[in-house]
Each structure stands twice: as structure tokens, then as C-alpha cells.
Amino acid sequence: MTSNPKLAVFLASPRGFCAGVDRAIQIVEKALARYGAPVYVRHEIVHNKHVVNRLKAMGAIFVKELDECPDDRPVVFSAHGVPKSVPATAEQRDLLYVDATCPLVSKVHIDAERHDKAGREIILIGHAGHPEVIGTMGQLEEGRMVLIETEADAEAFTPRDPDNLAYVTQTTLSVDDTSAIVEILKRRFPHMASPHKEDICYATTNRQGAVKAIGPKSDLVLVVGAPNSSNSRRLVEVATRAGAKASYLVEKADDIDWAWFENISSLGVSAGASAPEDLVEDLLAAVAERFDITVDTIEVAKEDVIFKLPRAVAEA
Ligand code: 0CN
Ligand code: SF4
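What counts, and at which threshold
- Per-chain numbering applies: the sequence of each chain, read as written, is numbered from 1 onward.
- Here the convention is simple: chains get letters from A, ligands get numbers from 1, in the order in which they are written.
- The predicted origin of the model limits local features to residues at a pLDDT of at least 70 and limits the giving and counting of side-chain atom pairs to 80 or more, whereas totals for whole chains, interfaces and linings rest on all residues.
- Processing note: side-chain calculations cover all non-hydrogen atoms of the structure and skip hydrogens and water entirely.
- Put simply, DSSP H or I for four residues or longer makes a helix, DSSP E for two residues or longer makes a strand, and each gets a number counted from the N terminus.
- All radius of gyration figures rest on C-alpha atoms, and the globule criterion is 2.2 Å times the number of residues raised to 0.38.
- Each residue is assigned to one of three classes by its accessible area relative to the maximum for its type, calculated with a 1.4 Å probe on protein chains only: buried under 20%, partly exposed between the two thresholds, exposed over 50%.
- By definition, residues are in contact when any of their heavy atoms lie within 4.5 Å.
- Surface exposure here means Shrake-Rupley accessible area, sampled with a 1.4 Å probe, where a residue is shielded only by the protein chains that are shown.
- Two kinds of site are reported from a 1 Å grid over the protein atoms alone, namely cavities, where a 1.4 Å probe fits but cannot get out, and pockets, open sets with protein on both sides within 12 Å along at least five of seven lines, and residues are called lining when an atom falls within 4 Å of a point.
- Grid points are joined across faces, edges and corners, and a volume is the space filled by probe spheres set on the points.
- As a working rule, the residues Ala, Val, Leu, Ile, Met, Phe, Trp, Tyr, Cys and Pro are called nonpolar, Asp, Glu, Lys and Arg charged, and the rest polar, with Gly in that last group.
- Where a domain begins and ends is set by an automatic assignment or by a domain database.
- At least two bridges found by DSSP between two strands is the condition for calling them paired.
- Convention adopted: a line fitted to C-alpha atoms gives each axis, helices being fitted over their contacting stretch, and angles between N-to-C directions are expressed from 0 to 180 degrees.
- Each salt bridge in this description consists of a side-chain nitrogen of Lys or Arg and a carboxyl oxygen of Asp or Glu lying within 4 Å of one another.
- Contacts described as polar in this section are N or O atom pairs within 3.5 Å, which, within protein, must combine one atom able to donate a hydrogen with one able to accept it, while residues neighboring in sequence count only if both atoms come from side chains.
- Note on definitions: buried area is the accessible-area loss of two parts on being combined, 1.4 Å probe, summed for both.
- Nearness is defined per residue: one heavy atom within 4 Å of the molecule or strand is enough.
- Assignment of a molecule to a cavity or pocket requires that more than half of its atoms lie within 2 Å of the corresponding grid points.

A. Fine view of the overall build of the chain. Scanning the chain from N- to C-terminus turns up eleven helices and twelve strands. Its C-alpha atoms give the chain a radius of gyration of 21 Å, within 12% of the compact-globule value 20 Å for 316 residues. Taken over 316 residues, the chain has a buried fraction of 51%. Considering only contacts in the chain between residues 6 or more positions apart, those separated by 24 or more positions represent 76%. Looking at the chain as shown, the accessible area adds up to about 14,700 Å², and 50% of this sits on carbon and sulfur atoms.

B. Representation of the layout of surface pockets. When its volume is computed, the largest pocket comes out at roughly 280 Å³. Forming the walls of the largest pocket are 18 residues, and the residues nearest its centre are Arg42, His43, Glu44, Val63 and Lys64. Breaking the lining of the largest pocket down by element, the ones donating at least two residues are α2 (49–58), β3 (60–63) and α5 (131–137). If you tally residues by element for the lining of the largest pocket, the top one is α2, at four residues. Within the lining of the largest pocket, the residues separate by chemical class into seven nonpolar, five polar and six charged. The residues that make up the lining of the largest pocket include at least three from each of domain 2 (19–102) and domain 3 (104–188). Taken as a whole, the second largest pocket encloses approximately 180 Å³ of empty space. Along the walls of the second largest pocket sit Val82, Pro83, Lys84, Pro87, Tyr97, Asp99, Thr101, Ser106, His109, Ile110 and Gln139, which together make up its complete lining. When residues in the lining of the second largest pocket are grouped by element, the largest group, three residues, is from helix α4 (residues 103–117). For the lining of the second largest pocket, the residue count by class is five nonpolar, four polar and two charged. Taken domain by domain, the lining of the second largest pocket gets at least three of its residues from each of domain 2 (19–102) and domain 3 (104–188).

C. The arrangement of the environment of Ser85 in detail. Examined against the element boundaries, Ser85 turns out to sit in helix α3 (residues 85–92). Sequence separation between Ser85 and Leu104 is 19 residues, and the spatial gap between their C-alpha atoms is 20 Å.

D. A look at the sheet that holds strand β5 (residues 97–99). Pairing is parallel in the open sheet, where four strands are placed in the order β3-β2-β4-β5. Two strands lie at the open edges of the sheet, namely β3 and β5, each paired on one side alone. The sheet shows a mean angle of 25° between the axes of neighbouring strands, direction not considered.

E. Structural view of the pattern of salt bridges. Applying the stated rule across the entire model yields 20 salt bridges. Arg207 serves as the salt-bridge partner of Glu303, at 2.8 Å between the closest nitrogen and oxygen. Residue Glu303 is found in the loop between β12 (292–299) and α11 (311–314), and its partner Arg207 is found in helix α8 (residues 202–214); the two are separated by 96 residues along the sequence. You can call Glu303 partly exposed: its relative accessible area is 29%. The partner of Asp255 in a salt bridge is Lys252, and the shortest N-O contact between them spans 3.0 Å. Here the salt bridges do not stand alone but share partners, grouping Lys107, Asp111, Arg114 and Asp199 into one network.

F. Looking closely at the side chain of Ser266. Within the secondary structure, Ser266 sits in strand β11 (residues 266–271). Here Lys217 takes part through its backbone oxygen, which lies 2.9 Å from a polar atom of the side chain of Ser266. Ignoring any residue separated from it by four or fewer positions in sequence, one finds Ser266 in contact with Leu7, Ala8, Phe10, Lys217, Ser218, Asp219 and Leu220.

G. A look at the domain arrangement of the chain. By the assigned domains, the chain splits into domain 1 (6–17 + 202–299), domain 2 (19–102) and domain 3 (104–188). A C-alpha centroid distance of 27 Å is found between domain 2 and domain 3. Every contact between the two is made by ten residues of domain 2 and, on the other side, twelve residues of domain 3. Between domain 2 and domain 3, a total of about 820 Å² is buried, with carbon and sulfur atoms accounting for 57% of that surface. Joining domain 2 to domain 3, the criterion identifies one salt bridge. For Glu113, the salt bridge identified is with Lys84, shortest N-O distance 2.6 Å. By residue class, the composition of the side of domain 2 that touches domain 3 is four nonpolar, five polar and one charged.

H. Structural view of the site of ligand 2. Around ligand 2 sit Cys18, Gly20, Val21, Cys102, Leu104, Val105, Thr171, Cys201 and Tyr202, and that is every residue in its neighbourhood. In this structure, ligand 2 is accommodated by the largest cavity. At the level of elements, α1 (19–35) and α4 are the ones that each hand at least two residues to the shell around ligand 2. Residues that form the shell around ligand 2 fall into these classes: seven nonpolar, two polar and no charged.

So, in C-alpha cells, the structure goes:
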């Protein structure tokens, strides 16, 4: 029997679930425990099919919009946040709702409102169409916030009043791309109000930091996460920019194309904030069947963030 080729594996830490994802999933589980099935969930609670399917099996029903929910069942709003019109409609209909918006997303919502009340025009740095961007934009009346996606947008933007501006961001952006955009805005609008502490969350920042550390050591980097997961996709970009020869997003071990592994001697592994650790373990097991692996965990930060559950489900 010939032995398997050697492969050095660098495991990024932190990776996987953040406190906001953990809380959002617990909210659905506890709502099911308290109210029984079915519990409706507006949008994927977090961007991961594996998580969604497990909750479906427990009795959760996932819908796109509130009009698909009956009046007599509870509904949970996803971690990414919702426009103000969503809880407002739920209240009009007397629906029982539990909001699983991550507290770090809610903080951005509150900041946007505060700037609006102070009469400032607000720039949101983020990606069009993402549910968090739709939710944050939807905190204010239409036209009160302008979306900037790129450095070119930042150069081209014409404010109503350059001295009365503020910016907020999506929580899951590339730290480096965002700081380049912010630099342009600050150069053009030196009086622009900035977040006290940046809006990109601790989990996004730490996961990108860990991938930056494994990228230069890795011929190939695999990130476990979903194609619609913004923070996971950013990790793939960070890996190649940090020096990995190739980097791919995989939802699960089965998605691996083993041709990627030809002529490599090192593999970096991480997972987005919505990807369960089981999927990372499955991926490592699949790699270990074909290679003689050594695993080194590269830790760049320790995380101990825990968010409180909403009162409605805290006791369940
Ligand atoms: O993958 P997620 O569900 O969401 P995005 O990265 O696409 O925003 O991870 C949780 C993050 C939040 C909110
Ligand atoms: Fe909250 Fe950040 Fe996790 Fe999103 S990625 S749920 S903002 S902690």
C-alpha cells in the first residue's frame, strides 16, 4: 500500500459561528420550545442551508416576506436586520414577532437614526441587495441614506451638503476595502461624522485577521460558507490577497474539487460566521482520507462575546 502524500493544514482561529449567529439560532430553537411548531422565520435566519434545514426539521418555516405568515403563529426576523416597515406591519397585524437582528446590526440602525435626527445626510457603505443593507436603509425614509459600494462611488458622490454628512457601514465588509473607501470620503469631506468605533463587527474583523495569517502559508485556502454569505465571501478574497495561490468557498466537503489539491503541500481552512463547525470537521475528515495531514491552529484573537436573548424567549 502506498502512503498518502503529506499535507500541512493551517486552521484559522477564530472561525465559524459568531455571537450574533449563535443568538439568532437559539432564538428560533427557543421560540419553537416556547410556542411549539410551526414558528415562521422571515429570511434565512443566518446564511447557511445546513442551519436552515436543521431548524426546518424542528418545525421552523422559512418565508421571504411577512405576507406569507399566518396571523396566529410567531415569526422570527433574521440576524441581518429588517426595515422598520417589517415590525410595523407585524404590529398592525397583531403578529407575535421575535427579532433576531444581531445587536451589532441594531447598533448601526440606531446610529443611522441618530445622524438622521441631527439632520445629517447618511452614507451607507455596503453591497446593494444584501438583506442587511435593505434593513439598514429601511430604518429611514427613502432618500435619507445613500449607498456607496466602491472607491469609484466614493469619488463620484455629490452630497447635498458636504459639511453635514455621516457614514455607517454593513457589518460584514472587507476591512481593507472599507478603509480605502472611508479614506476617500474623509479626504473629500473632512467634516464627515464617523462611527465611534467602526461598524465592521468584531467577528468579521477577527475572521479576516486569521485568514490573513494563514494565507501566506497556504497553497490553497478553503472557506466553509454559503455563496450568499457576505462575511464568508470576504474571507475568500482576503485569503488570495494575503498570498494564498488559490482560495475557494465550499458549502460542504462534497463540494471540494480534488483537482484543486494537485501539487499543493499546504492547505488553509476557515469558516464564515454562519457556518457550523461540524462542516469544518467533515471537510478535514475528507482531506485526511486522501492526505497524511498535520493540523496547526493559527489563533489571532480570542473571542468571548455573548449576546443576551430577547425577553420573549429567554426563559424557554
Ligand atoms: O452569513 P451570514 O448569515 O450573513 P452575511 O455575512 O451575509 O451578512 O452571517 C451572519 C452575519 C450577520 C448579520
Ligand atoms: Fe453580528 Fe457580526 Fe455575527 Fe453579523 S457577523 S451576526 S454583525 S457578530
